[in-house]
Amino acid sequence: MTYPNPFREAAIDLGAVSENVRTLRTLTGVQVIGVVKADGYGHGAAAVATAALAGGATRLGTATIEESLALRRAGITAPLLAWLHEPGRRFDDAVEAGIEVGVSSWEQLIAASEAAPASMPAAPAPVHLKVDTGLSRNGVADADLDRVLAEAARLERIGRIRVVGIFSHLSGTGVEEDLAQLARYTEVIAKAESFGIRPEIRHLAATAAAISLPEARLDAVRIGLGLYGLSPFPGRSSADLGLRPAMTLRASVAAVRRVPAGSGVSYDYAYRCERETTLALVPLGYADGVPRQASGRGPVLVAGRPHTVAGRVAMDQFVVDVGDEQVAVGDEVVLFGDPTRGHPAATEWADAAGTINYEIVTRIGARVPRRTVS
Ligand SMILES: *Cc1c(COP(=O)(O)O)cnc(C)c1O
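This is a predicted model, so every value here is computed, not measured. (Residues numbered from 1 in each chain as written. Predicted model: local features only at pLDDT ≥ 70, side-chain atom pairs only at ≥ 80, totals over all residues. Heavy atoms only, no water.)

Visitor: What exactly am I supposed to notice about the UniProt feature "binding site: substrate" (unreviewed entry) in the protein here?
Guide: UniProt records the feature "binding site: substrate" (unreviewed entry) for R137 and M315 in the present numbering. A maximum C-alpha distance of 33.2 Å is found for the annotated residues, which run over 179 residues; spatially they are spread out rather than grouped. Lining the largest pocket, from this annotated set, are R137. On the secondary structure map, R137 appears in the loop between β6 (125–130) and α7 (145–157). If we ignore the near neighbours within four places in the chain, the residues touching R137 are D132 and H169. Looking at the secondary structure, you find M315 in the loop between β16 (305–310) and β17 (318–323). Its relative accessible area of 42% is what places M315 among the partly exposed residues. When residues no more than four places from it in sequence are discounted, the contact partners of M315 are G285, Y286, A287, D288 and R367. (UniProt positions renumbered as here; feature names shortened; annotations may be inferred. 1 Å grid on protein atoms, 1.4 Å probe; cavity = no way out; pocket = protein on both sides within 12 Å on 5 of 7 lines; lining within 4 Å. Helix = DSSP H or I, 4+ residues; strand = E, 2+ residues; numbered from the N terminus. Contact = heavy atoms within 4.5 Å. Buried < 20%, exposed > 50% of the residue type's maximum accessible area, 1.4 Å probe, protein only.)

Right, here's the structure in full:
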(Lines give C-alpha, C1' and ligand atoms only; values in the text may rest on other atoms or scores of the structure.)
Protein backbone atom coordinates (compact mmCIF):
# COMPACT_ATOMS: atom_id res chain seq x y z
CA MET A 1 0.00 0.00 0.00
CA THR A 2 1.34 3.42 -0.90
CA TYR A 3 0.24 6.70 0.60
CA PRO A 4 0.14 9.93 -1.41
CA ASN A 5 0.91 12.43 1.35
CA PRO A 6 4.26 13.10 3.00
CA PHE A 7 4.65 11.77 6.57
CA ARG A 8 5.68 15.30 7.53
CA GLU A 9 7.06 18.18 5.52
CA ALA A 10 7.34 21.91 5.20
CA ALA A 11 6.56 22.71 1.57
CA ILE A 12 8.30 25.95 0.58
CA ASP A 13 6.80 27.85 -2.33
CA LEU A 14 9.75 29.71 -3.83
CA GLY A 15 7.52 31.39 -6.41
CA ALA A 16 5.69 33.02 -3.52
CA VAL A 17 8.99 34.36 -2.15
CA SER A 18 9.91 35.91 -5.52
CA GLU A 19 6.43 37.35 -5.87
CA ASN A 20 6.48 38.80 -2.34
CA VAL A 21 9.74 40.60 -3.15
CA ARG A 22 8.23 42.00 -6.35
CA THR A 23 5.16 43.17 -4.44
CA LEU A 24 7.22 44.92 -1.78
CA ARG A 25 9.59 46.44 -4.32
CA THR A 26 6.66 47.91 -6.19
CA LEU A 27 5.02 49.13 -3.00
CA THR A 28 8.15 50.75 -1.57
CA GLY A 29 9.92 51.85 -4.75
CA VAL A 30 13.32 51.23 -3.15
CA GLN A 31 15.91 48.45 -3.03
CA VAL A 32 14.97 45.31 -1.14
CA ILE A 33 17.51 43.65 1.14
CA GLY A 34 16.21 40.11 1.66
CA VAL A 35 16.76 38.97 5.24
CA VAL A 36 17.49 35.23 5.31
CA LYS A 37 18.97 34.77 8.80
CA ALA A 38 18.06 31.74 10.92
CA ASP A 39 17.96 29.48 7.86
CA GLY A 40 15.64 31.86 6.08
CA TYR A 41 13.22 32.00 9.03
CA GLY A 42 13.12 28.21 8.89
CA HIS A 43 12.37 28.05 5.15
CA GLY A 44 15.91 27.13 3.98
CA ALA A 45 18.31 30.05 3.54
CA ALA A 46 19.95 29.26 0.20
CA ALA A 47 16.71 28.41 -1.60
CA VAL A 48 14.96 31.47 -0.26
CA ALA A 49 17.96 33.67 -1.06
CA THR A 50 17.91 32.53 -4.69
CA ALA A 51 14.17 33.14 -4.93
CA ALA A 52 14.47 36.58 -3.33
CA LEU A 53 17.17 37.58 -5.81
CA ALA A 54 15.01 36.29 -8.67
CA GLY A 55 12.24 38.56 -7.39
CA GLY A 56 14.52 41.60 -7.51
CA ALA A 57 16.23 41.77 -4.12
CA THR A 58 19.59 43.47 -4.63
CA ARG A 59 21.29 42.32 -1.45
CA LEU A 60 20.79 39.74 1.29
CA GLY A 61 21.15 40.12 5.02
CA THR A 62 22.01 37.57 7.68
CA ALA A 63 22.67 37.95 11.37
CA THR A 64 26.05 36.20 11.41
CA ILE A 65 28.98 36.02 9.02
CA GLU A 66 28.78 32.22 9.23
CA GLU A 67 25.31 32.41 7.74
CA SER A 68 26.57 34.63 4.92
CA LEU A 69 29.56 32.34 4.29
CA ALA A 70 27.12 29.42 3.96
CA LEU A 71 25.26 31.38 1.27
CA ARG A 72 28.55 31.93 -0.60
CA ARG A 73 29.26 28.20 -0.39
CA ALA A 74 25.80 27.60 -1.84
CA GLY A 75 26.82 29.70 -4.85
CA ILE A 76 25.12 33.01 -4.00
CA THR A 77 27.20 35.83 -5.52
CA ALA A 78 24.95 38.81 -4.63
CA PRO A 79 26.02 41.43 -2.07
CA LEU A 80 25.66 40.11 1.48
CA LEU A 81 25.52 41.92 4.80
CA ALA A 82 26.01 40.37 8.26
CA TRP A 83 25.58 42.34 11.49
CA LEU A 84 25.94 40.24 14.65
CA HIS A 85 29.46 39.20 15.58
CA GLU A 86 31.27 37.18 18.18
CA PRO A 87 33.42 39.42 20.42
CA GLY A 88 36.99 39.61 19.13
CA ARG A 89 36.06 38.21 15.74
CA ARG A 90 38.33 39.14 12.84
CA PHE A 91 36.75 39.86 9.48
CA ASP A 92 39.38 38.54 7.05
CA ASP A 93 37.13 35.69 5.90
CA ALA A 94 34.15 37.99 5.50
CA VAL A 95 36.07 40.51 3.38
CA GLU A 96 37.65 37.71 1.37
CA ALA A 97 34.15 36.42 0.59
CA GLY A 98 32.89 39.89 -0.27
CA ILE A 99 30.60 40.01 2.75
CA GLU A 100 29.74 43.48 4.01
CA VAL A 101 30.25 43.81 7.73
CA GLY A 102 27.70 45.51 9.97
CA VAL A 103 29.72 47.53 12.49
CA SER A 104 28.10 48.23 15.87
CA SER A 105 31.07 49.38 17.97
CA TRP A 106 34.52 50.95 17.99
CA GLU A 107 36.09 47.50 18.37
CA GLN A 108 34.26 46.15 15.32
CA LEU A 109 35.24 49.21 13.29
CA ILE A 110 38.90 48.67 14.11
CA ALA A 111 38.63 44.92 13.41
CA ALA A 112 37.06 45.67 10.02
CA SER A 113 39.85 48.11 9.19
CA GLU A 114 42.42 45.44 10.10
CA ALA A 115 40.92 42.77 7.88
CA ALA A 116 43.61 41.59 5.49
CA PRO A 117 42.36 38.68 3.43
CA ALA A 118 45.15 36.67 1.85
CA SER A 119 44.04 37.27 -1.72
CA MET A 120 43.67 41.06 -1.42
CA PRO A 121 45.37 42.33 1.76
CA ALA A 122 45.01 46.00 0.87
CA ALA A 123 41.33 45.96 -0.08
CA PRO A 124 39.11 48.27 1.96
CA ALA A 125 36.59 46.36 4.07
CA PRO A 126 33.00 47.15 3.04
CA VAL A 127 31.03 48.13 6.13
CA HIS A 128 27.58 49.28 7.12
CA LEU A 129 27.71 51.35 10.29
CA LYS A 130 24.87 50.31 12.57
CA VAL A 131 23.65 52.98 14.96
CA ASP A 132 21.40 52.60 17.97
CA THR A 133 18.51 55.02 17.49
CA GLY A 134 16.51 53.74 20.43
CA LEU A 135 16.18 49.96 20.38
CA SER A 136 18.98 49.62 22.95
CA ARG A 137 20.16 46.40 21.39
CA ASN A 138 23.20 46.57 19.15
CA GLY A 139 24.36 49.49 17.05
CA VAL A 140 26.84 52.19 17.99
CA ALA A 141 25.68 53.81 21.23
CA ASP A 142 25.12 57.57 21.41
CA ALA A 143 28.08 58.05 23.71
CA ASP A 144 30.48 56.48 21.16
CA LEU A 145 28.97 57.97 18.03
CA ASP A 146 31.27 60.94 17.46
CA ARG A 147 34.52 59.08 17.84
CA VAL A 148 33.28 56.12 15.76
CA LEU A 149 32.15 58.42 12.93
CA ALA A 150 35.40 60.40 13.04
CA GLU A 151 37.47 57.22 12.94
CA ALA A 152 35.31 55.67 10.22
CA ALA A 153 35.83 58.80 8.10
CA ARG A 154 39.59 58.62 8.67
CA LEU A 155 39.76 54.90 7.90
CA GLU A 156 37.77 55.47 4.73
CA ARG A 157 40.13 58.28 3.64
CA ILE A 158 43.17 56.04 4.06
CA GLY A 159 41.49 53.19 2.18
CA ARG A 160 41.01 50.69 5.01
CA ILE A 161 37.22 50.63 4.92
CA ARG A 162 34.45 51.68 2.61
CA VAL A 163 31.23 52.87 4.25
CA VAL A 164 28.61 51.24 2.03
CA GLY A 165 25.73 51.91 4.36
CA ILE A 166 24.49 53.39 7.59
CA PHE A 167 21.59 51.59 9.20
CA SER A 168 19.48 51.19 12.28
CA HIS A 169 16.50 49.10 13.39
CA LEU A 170 13.08 50.16 14.66
CA SER A 171 11.22 48.92 17.72
CA GLY A 172 7.82 48.87 16.04
CA THR A 173 6.26 50.11 19.27
CA GLY A 174 4.05 52.60 17.45
CA VAL A 175 4.14 55.31 14.79
CA GLU A 176 5.25 57.95 17.27
CA GLU A 177 8.16 55.88 18.59
CA ASP A 178 9.25 54.83 15.09
CA LEU A 179 9.16 58.44 13.87
CA ALA A 180 11.30 59.46 16.85
CA GLN A 181 13.85 56.81 15.83
CA LEU A 182 13.70 58.06 12.23
CA ALA A 183 14.36 61.60 13.45
CA ARG A 184 17.36 60.40 15.44
CA TYR A 185 18.58 58.40 12.44
CA THR A 186 18.32 61.52 10.25
CA GLU A 187 20.47 63.43 12.75
CA VAL A 188 23.07 60.64 12.66
CA ILE A 189 23.20 60.77 8.85
CA ALA A 190 23.70 64.54 8.96
CA LYS A 191 26.46 64.11 11.51
CA ALA A 192 28.15 61.38 9.44
CA GLU A 193 28.06 63.68 6.43
CA SER A 194 29.64 66.45 8.48
CA PHE A 195 32.55 64.05 9.06
CA GLY A 196 32.74 63.42 5.30
CA ILE A 197 30.98 60.04 5.22
CA ARG A 198 28.55 59.59 2.32
CA PRO A 199 26.96 56.13 2.49
CA GLU A 200 25.57 54.64 -0.71
CA ILE A 201 22.56 53.20 1.06
CA ARG A 202 20.71 54.41 4.10
CA HIS A 203 18.42 51.74 5.51
CA LEU A 204 16.15 51.65 8.52
CA ALA A 205 12.86 49.87 7.85
CA ALA A 206 12.17 46.14 8.22
CA THR A 207 8.92 44.65 6.90
CA ALA A 208 6.50 46.51 9.15
CA ALA A 209 7.86 50.01 8.55
CA ALA A 210 8.54 49.28 4.87
CA ILE A 211 4.80 48.73 4.49
CA SER A 212 3.32 51.23 6.92
CA LEU A 213 5.84 54.05 7.34
CA PRO A 214 6.78 55.45 3.90
CA GLU A 215 9.09 58.07 5.44
CA ALA A 216 11.32 55.25 6.70
CA ARG A 217 11.93 53.63 3.31
CA LEU A 218 15.02 55.76 2.52
CA ASP A 219 17.31 53.96 0.01
CA ALA A 220 16.53 50.35 0.93
CA VAL A 221 14.26 48.26 3.15
CA ARG A 222 15.32 45.08 4.94
CA ILE A 223 12.57 42.55 4.37
CA GLY A 224 12.46 39.40 6.46
CA LEU A 225 8.94 38.35 7.42
CA GLY A 226 7.41 39.80 4.26
CA LEU A 227 9.63 37.59 2.05
CA TYR A 228 7.94 34.61 3.62
CA GLY A 229 4.54 36.12 2.95
CA LEU A 230 3.59 36.72 6.58
CA SER A 231 2.08 39.83 8.09
CA PRO A 232 3.79 41.66 10.95
CA PHE A 233 0.52 43.39 11.86
CA PRO A 234 -2.06 41.92 14.25
CA GLY A 235 -5.42 42.08 12.52
CA ARG A 236 -4.01 42.36 8.98
CA SER A 237 -3.64 39.12 7.05
CA SER A 238 -1.07 38.22 4.42
CA ALA A 239 -3.74 38.67 1.75
CA ASP A 240 -4.57 42.14 3.12
CA LEU A 241 -0.95 43.06 2.34
CA GLY A 242 -0.89 41.34 -1.06
CA LEU A 243 1.54 38.70 0.25
CA ARG A 244 1.45 34.92 -0.11
CA PRO A 245 2.70 32.65 2.70
CA ALA A 246 5.60 30.52 1.46
CA MET A 247 5.53 27.70 4.00
CA THR A 248 2.89 24.99 4.30
CA LEU A 249 3.42 22.65 7.24
CA ARG A 250 1.82 19.31 6.41
CA ALA A 251 1.75 15.72 7.58
CA SER A 252 -0.32 12.64 7.05
CA VAL A 253 -2.50 10.95 9.61
CA ALA A 254 -0.29 8.29 11.24
CA ALA A 255 -3.03 6.33 13.05
CA VAL A 256 -6.79 6.43 13.55
CA ARG A 257 -8.81 4.87 16.35
CA ARG A 258 -12.39 4.82 17.53
CA VAL A 259 -12.66 5.36 21.30
CA PRO A 260 -15.56 5.30 23.76
CA ALA A 261 -17.02 8.31 25.57
CA GLY A 262 -14.86 9.42 28.49
CA SER A 263 -11.52 8.38 26.94
CA GLY A 264 -8.57 10.48 28.03
CA VAL A 265 -6.29 11.81 25.31
CA SER A 266 -2.54 12.42 25.48
CA TYR A 267 -0.54 13.40 28.60
CA ASP A 268 -2.39 14.43 31.73
CA TYR A 269 -5.68 13.54 30.02
CA ALA A 270 -5.97 17.26 29.41
CA TYR A 271 -8.66 16.35 26.87
CA ARG A 272 -11.45 13.84 27.47
CA CYS A 273 -13.81 12.66 24.76
CA GLU A 274 -17.39 13.63 25.60
CA ARG A 275 -18.81 10.85 23.46
CA GLU A 276 -17.68 7.98 21.31
CA THR A 277 -15.46 9.48 18.67
CA THR A 278 -12.63 9.05 16.19
CA LEU A 279 -9.13 10.23 17.04
CA ALA A 280 -6.48 10.96 14.40
CA LEU A 281 -2.79 10.94 15.27
CA VAL A 282 -0.59 13.63 13.69
CA PRO A 283 3.16 12.89 13.61
CA LEU A 284 4.43 16.38 14.50
CA GLY A 285 5.32 17.57 17.98
CA TYR A 286 7.26 20.18 19.87
CA ALA A 287 10.54 18.67 18.64
CA ASP A 288 9.35 19.73 15.21
CA GLY A 289 8.44 23.22 16.38
CA VAL A 290 4.74 22.67 17.05
CA PRO A 291 4.41 24.74 20.21
CA ARG A 292 3.30 22.83 23.31
CA GLN A 293 1.75 26.11 24.41
CA ALA A 294 -0.83 25.55 21.67
CA SER A 295 -2.05 22.32 23.33
CA GLY A 296 -5.84 22.20 23.12
CA ARG A 297 -5.91 25.26 20.87
CA GLY A 298 -3.84 24.92 17.68
CA PRO A 299 -5.92 24.87 14.47
CA VAL A 300 -5.45 21.94 12.11
CA LEU A 301 -7.03 20.82 8.87
CA VAL A 302 -7.58 17.05 8.72
CA ALA A 303 -8.69 15.64 5.36
CA GLY A 304 -9.75 19.15 4.39
CA ARG A 305 -11.84 19.91 7.48
CA PRO A 306 -10.94 22.28 10.31
CA HIS A 307 -10.25 20.92 13.79
CA THR A 308 -8.32 21.78 16.94
CA VAL A 309 -5.52 19.95 18.73
CA ALA A 310 -7.03 17.69 21.40
CA GLY A 311 -5.01 17.79 24.62
CA ARG A 312 -1.27 18.09 24.96
CA VAL A 313 1.14 18.47 22.06
CA ALA A 314 3.83 15.85 22.78
CA MET A 315 7.42 15.77 21.55
CA ASP A 316 6.65 13.87 18.35
CA GLN A 317 2.90 13.86 17.92
CA PHE A 318 -0.49 15.19 18.82
CA VAL A 319 -4.07 13.98 18.55
CA VAL A 320 -7.11 15.47 16.85
CA ASP A 321 -10.72 14.53 17.69
CA VAL A 322 -12.47 14.32 14.33
CA GLY A 323 -15.84 13.16 15.69
CA ASP A 324 -17.69 10.95 13.25
CA GLU A 325 -15.85 12.15 10.17
CA GLN A 326 -14.38 9.58 7.83
CA VAL A 327 -10.64 9.92 8.33
CA ALA A 328 -8.08 7.31 7.29
CA VAL A 329 -4.41 6.68 7.88
CA GLY A 330 -2.50 8.64 5.26
CA ASP A 331 -5.03 11.45 4.94
CA GLU A 332 -3.56 14.92 4.61
CA VAL A 333 -3.12 17.16 7.64
CA VAL A 334 -2.26 20.86 7.25
CA LEU A 335 -1.18 22.83 10.31
CA PHE A 336 -0.68 26.12 8.53
CA GLY A 337 -0.13 27.52 5.08
CA ASP A 338 -2.05 29.88 2.84
CA PRO A 339 -5.44 30.91 4.29
CA THR A 340 -6.70 31.77 0.79
CA ARG A 341 -6.44 28.02 0.12
CA GLY A 342 -8.37 27.22 3.27
CA HIS A 343 -5.34 26.54 5.46
CA PRO A 344 -4.96 27.91 8.98
CA ALA A 345 -2.51 30.83 9.12
CA ALA A 346 0.83 30.59 10.95
CA THR A 347 -0.50 33.61 12.83
CA GLU A 348 -3.36 31.51 14.25
CA TRP A 349 -0.78 29.10 15.70
CA ALA A 350 1.07 32.09 17.09
CA ASP A 351 -2.10 33.37 18.73
CA ALA A 352 -2.82 29.89 20.11
CA ALA A 353 0.69 29.72 21.60
CA GLY A 354 0.99 33.31 22.85
CA THR A 355 3.78 34.21 20.43
CA ILE A 356 4.32 35.75 16.98
CA ASN A 357 4.25 34.19 13.52
CA TYR A 358 8.02 34.81 13.17
CA GLU A 359 8.65 32.27 15.91
CA ILE A 360 6.23 29.68 14.53
CA VAL A 361 7.96 29.34 11.15
CA THR A 362 11.51 29.88 12.39
CA ARG A 363 11.29 27.09 14.96
CA ILE A 364 10.12 24.36 12.61
CA GLY A 365 12.65 21.66 13.48
CA ALA A 366 15.36 19.90 11.52
CA ARG A 367 13.37 16.64 11.51
CA VAL A 368 10.82 18.20 9.14
CA PRO A 369 12.06 17.90 5.54
CA ARG A 370 11.80 21.12 3.52
CA ARG A 371 10.51 20.46 0.05
CA THR A 372 10.74 23.37 -2.33
CA VAL A 373 7.96 23.87 -4.83
CA SER A 374 7.84 26.58 -7.47
C1 LIG B 1 15.65 40.34 11.48
C2 LIG B 1 15.98 41.70 11.03
C3 LIG B 1 15.28 42.31 9.98
C4 LIG B 1 14.07 41.71 9.32
O5 LIG B 1 12.92 42.03 10.09
P6 LIG B 1 11.47 41.63 9.58
O7 LIG B 1 10.57 42.24 10.60
O8 LIG B 1 11.41 40.14 9.59
O9 LIG B 1 11.28 42.18 8.21
C10 LIG B 1 15.73 43.53 9.52
N11 LIG B 1 16.79 44.15 10.09
C12 LIG B 1 17.45 43.61 11.12
C13 LIG B 1 18.61 44.35 11.71
C14 LIG B 1 17.08 42.38 11.64
O15 LIG B 1 17.73 41.86 12.68
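Next, the rest of the story.
Visitor: Explain the site of the ligand here, please?
Guide: K37, Y41, T207, R222 and Y358 are the nearest of the 14 residues found near the ligand. One nitrogen or oxygen atom from the side chain of T207 is found 2.5 Å from an oxygen atom belonging to the ligand. When each cavity is represented as a set of grid points, the ligand is found to reside in the largest pocket. Secondary-structure elements contributing two or more residues to the shell around the ligand are α2 (37–41) and β9 (220–223). Of the residues that constitute the shell around the ligand, the class distribution is 7 nonpolar, 3 polar and 4 charged. (Near = heavy atom within 4 Å. Polar contact = N/O pair within 3.5 Å; in protein donor to acceptor, adjacent residues only side chain to side chain. Sits in = over half its atoms within 2 Å of the grid points. Nonpolar A, V, L, I, M, F, W, Y, C, P; charged D, E, K, R; others polar.)

Visitor: I'm lost on helix α6 (residues 106–113) in this one. Help?
Guide: In an α-helix, one full turn covers 3.6 residues, which means residues spaced three or four apart are oriented alike. Burial in α6 covers these residues: Q108, L109, A111, A112 and S113. In this fold, the buried residues of α6 make contact with β5 (99–103), β6, α7 and β7 (161–167).

Visitor: Sorry, what's going on with the packing of aromatic side chains here?
Guide: Any pair of aromatic rings gets described here by the distance separating the centres and the angle formed by the planes. Scanning the model with the defined rule gives 4 aromatic pairs in all. Here the aromatic rings of Y41 and Y358 are separated by 6.1 Å at their centres, their planes lie at 35 degrees, and the arrangement is tilted. Placement of the pair is Y41 in helix α2 and Y358 in helix α11 (residues 357–362), with a sequence separation of 317 residues. We classify Y358 as partly exposed; its relative accessible area is 29%. (Phe/Tyr/Trp six-rings, centres within 6.5 Å; stacked < 30°, edge-to-face > 60°.)

Visitor: In this structure, what is going on with the sheet that holds strand β10 (residues 247–252)? I would like to understand it.
Guide: What links the strands of a sheet is backbone hydrogen bonding, and the strands pair in either a parallel or an antiparallel sense. Pairing is mixed across the open sheet formed by 9 strands, whose spatial order is β11-β14-β17-β16-β15-β18-β10-β1-β19. A strand with exactly one partner marks an edge of an open sheet, and here the two such strands are β11 (255–259) and β19 (370–373). Averaged over all pairs of adjacent strands, the angle between their axes in this sheet comes to 35 degrees, without regard to strand direction. Of the strand pairs in this sheet, strand β15 (residues 299–302) and β16 are connected by 4 bridges, and their pairing is antiparallel. Looking across to β16, one finds that V302 is bridged to R305. (Pairing = 2+ DSSP bridges. Axes fitted to C-alpha atoms, helices over the stretch in contact; angles between N-to-C directions.)

Visitor: Got a minute to help me understand helix α4 (residues 65–73) in this structure?
Guide: Within the span of α4, buried status applies to I65, S68, L69 and L71. For α4, the angular spread of the buried residues around the axis is 155 degrees, confining them to a single face. Buried residues along α4 sit against α3 (45–54), β3 (59–62), β4 (80–82), α5 (92–96) and β5. Of the residues trailing α4, G75 is marked for its positive phi of about 95 degrees. (Arc of directions from axis to C-beta.)

Visitor: I tried to follow the pattern of salt bridges on my own but got confused; where do I start?
Guide: Where charged atoms from two side chains of opposite charge approach closely, those side chains can pair. By the definition in use, this model includes 23 salt bridges. Between E9 and R250 there is a salt bridge; the shortest N-O distance is 2.8 Å. One end of the pair, E9, is in strand β1 (residues 8–13); the other, R250, is in strand β10, with 241 residues separating them in the sequence. No difference in accessibility class separates E9 from R250, as the two residues are buried. A salt bridge links D13 to R244, with the nearest nitrogen and oxygen atoms 2.9 Å apart. (Salt bridge = Lys/Arg side-chain N within 4 Å of Asp/Glu carboxyl O.)

Visitor: How should I be thinking about unusual backbone geometry in this particular structure?
Guide: Note: most residues except glycine have negative phi, and most peptide bonds are trans. Residue A38 is not a glycine yet carries a positive backbone phi of 50 degrees. When you line up the elements, A38 lands in helix α2. At S136, a position not held by glycine, the phi torsion is positive, near 60 degrees. Position of S136 relative to the elements: it lies in the loop between β6 and α7.

Visitor: Got a minute to help me understand the domain arrangement of the protein in this structure?
Guide: Accessible area lost upon the coming together of the parts serves often as the stated size of an interface. Looking at the protein, the domain boundaries give domain 1 (14–227) and domain 2 (247–373). Placing a centre on the C-alpha atoms of domain 1 and another on those of domain 2 gives a separation of 38 Å. At the junction of the two partners, domain 1 supplies 8 residues and domain 2 supplies 8 residues. Both faces considered, domain 1 and domain 2 share a buried interface measuring about 750 Å² in area, 65% of it formed by carbon and sulfur atoms. Three residues stand out in domain 1 for area buried against domain 2, namely Y41, H43 and L225, and they jointly supply 57% of the buried area on that side. Here domain 1 and domain 2 share 0 salt bridges between them. (Domains from an automatic or database assignment. Buried area = accessible area lost by both parts, 1.4 Å probe.)

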